[in-house]
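The lines below spell out each chain.
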Amino acid sequence: EWADFEIYIVSICPVDEVKMKANCLYPQTNASIKKSNRYLKRHLDAPNLHYVNLYKKMQSGSGLSERFDTVYDGAHYTSDTYVKMWKMIKKKINS
């Protein structure tokens, strides 16, 4: 049964809206991502469900922090950024 395990749910991360508008058929906005994240967090009501808010750690103002980078589409990240994200997730799990 899933209740016997600790489950970590990771937020939807911010996007580079400029790259998305230029390269994606259905670009997303960081405002809509924040709204989805609020909904997700609000509905995690079991004691074994844990929310990892990478959005907050990766944002700067209303968009993606300069410390993180995406590839051409603005939605997917560079390998260096994925490594940073994994380290933040591991830190949350181990805390």
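A brief report on the enclosed structure follows. (Residues numbered from 1 in each chain as written. Predicted model: local features only at pLDDT ≥ 70, side-chain atom pairs only at ≥ 80, totals over all residues. Heavy atoms only, no water.)

This brings us to the overall build of the protein. A count of helical and extended segments in the protein gives four helices and four strands. Element order for the protein, N to C, with α for helix and β for strand: β-α-α-β-α-β-β-α. Each of the three principal axes of the protein carries a C-alpha extent, and together these read 45 × 25 × 25 Å. Evaluated residue by residue, the protein yields a buried proportion of 29% over its 95 residues. Considering only contacts in the protein between residues 6 or more positions apart, those separated by 24 or more positions represent 62%. Surface summary for the protein: the accessible area is close to 6700 Å², and the carbon and sulfur share equals 55%. (Helix = DSSP H or I, 4+ residues; strand = E, 2+ residues; numbered from the N terminus. Buried < 20%, exposed > 50% of the residue type's maximum accessible area, 1.4 Å probe, protein only. Contact = heavy atoms within 4.5 Å. Areas by Shrake-Rupley, 256 points an atom, 1.4 Å probe, with all protein chains shown as cover.)

Take the packing of aromatic side chains next. Under the defined criterion, the tally for this structure stands at one aromatic pair. With a centroid separation of 5.6 Å and an interplanar angle of 85°, the aromatic rings of Y77 and Y82 are classed as edge-to-face. The class for Y77 is buried, based on a relative accessible area of 8%. On the accessibility criterion, Y82 (39% relative accessible area) is partly exposed. The ring of F68 has K84 lying over it, and the distance from NZ or CZ to the ring centre is 5.6 Å. (Phe/Tyr/Trp six-rings, centres within 6.5 Å; stacked < 30°, edge-to-face > 60°. Lys NZ or Arg CZ within 6 Å of the ring centre and 35° of its normal.)

To continue, consider helix α2 (residues 30-42). Here α2 spans 18 Å end to end across 13 residues, near enough to the 18 Å set by a 1.5 Å rise per residue. Turning to α2, its buried residues number three or more, namely N30, I33 and N37. Around the axis of α2, the buried residues are gathered within 55° of arc, so they sit on the same side. In this structure, α2 carries A31, K35, Y39 and R42 as exposed residues pointing more than 90 degrees from its buried face. (Expected span 1.5 Å × (residues − 1). Arc of directions from axis to C-beta.)

This part covers the nonpolar core. Counting residues in each nonpolar core, the largest one holds 10 residues, listed as C13, V52, L54, M58, L64, F68, Y77, M85, M88 and I89. When residues of this core are traced back to their parent elements, those giving at least two are α3 (54-58) and α4 (79-94). No other element matches α4, which puts three residues into this core. Beyond its immediate chain neighbours, meaning those up to four positions away, M85 contacts C13, L54, M58 and Y77. (Core = buried A, V, L, I, M, F, W, Y, C linked by side-chain atoms within 4.5 Å.)

Locating F68 in the fold gives a position in the loop between β4 (63-64) and α4. Classification of F68 as buried rests on a relative accessible area of 5%. Taking the C-alpha atoms as reference, F68 lies 9.2 Å from M85; in sequence the two are 17 residues apart. Non-local contacts of F68, meaning those with residues more than four positions away in its chain, are made with K57, M58, T81, K84 and M88.

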